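Tertiary structure, described
This is what each chain is made of:
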Amino acid sequence: MDYHMEISLESNEEFSDFLMNRIKEYNNQHSIHHREIRKEGAVLPLSIIVSDDEQQWIGGIAASVYWNWLEIDYIWFHEEFRNQGLGRTLIAKIEEMAKEKGATRAMLTTFEFQARLFYEKLGYEVVGEVKDYPPGSSYYTMVKALS
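First, a word on scope: everything that follows refers to the structure included in this document. Remember, it's a predicted structure, so these values are computed and weren't measured experimentally.

Tallied over the entire structure, the rule returns eight aromatic pairs. Centre to centre, the rings of Phe111 and Phe113 are 5.3 Å apart; their planes meet at 10°, and the pair counts as stacked. For Phe111, a relative accessible area of 21% corresponds to the partly exposed category. Since its relative accessible area comes to 57%, Phe113 is described here as exposed. Grouping aromatic residues by their ring pairs yields a cluster made of Phe111, Phe113, Tyr133 and Tyr139. For Arg116, the ring lying beneath its charged end belongs to Tyr140, and the centroid distance is 4.5 Å.

The next point concerns the environment of Lys24. Its location among the elements puts Lys24 in helix α1 (residues 13-30). Judged by relative accessible area, which is 31%, Lys24 ranks as partly exposed. As a C-alpha pair, Lys24 and Thr110 span 86 residues in sequence and 26 Å in three-dimensional space.

Basis of the calculations
- Residues numbered from 1 in each chain as written.
- Predicted model: local features only at pLDDT ≥ 70, side-chain atom pairs only at ≥ 80, totals over all residues.
- Heavy atoms only, no water.
- Phe/Tyr/Trp six-rings, centres within 6.5 Å; stacked < 30°, edge-to-face > 60°.
- Buried < 20%, exposed > 50% of the residue type's maximum accessible area, 1.4 Å probe, protein only.
- Lys NZ or Arg CZ within 6 Å of the ring centre and 35° of its normal.
- Helix = DSSP H or I, 4+ residues; strand = E, 2+ residues; numbered from the N terminus.

This is how it looks when you write it as structure tokens:
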């Protein structure tokens, strides 16, 4: 069988979509969990938005629940609102919401320069580390049992 290669140094969204769709098809054939997650309503998005007195967003948290897991995607606060317990409060609230939706475990990722110690204080454990990503730092995957 003949084939040809084309090398590109530019983004190609159409090609990326092609690859993503082929991977999804493969996963659907080999994993009931992947097949089920693609059904409408299988992923439950959760978010908590925190605003100031003028209704301007000052931070919050965005996450999803699927496969009995809470996956925390983003948590951020404007600097002037940090170190006041808001992060701890939001994590506790999103974990409680996720447990009500059937989540038994939680997962998140963080860089060394971000919030590893903060999450460890809340019971998250490092289960994976990519060293020197970015150079001179590490990238962590952290999990927690929601009991």
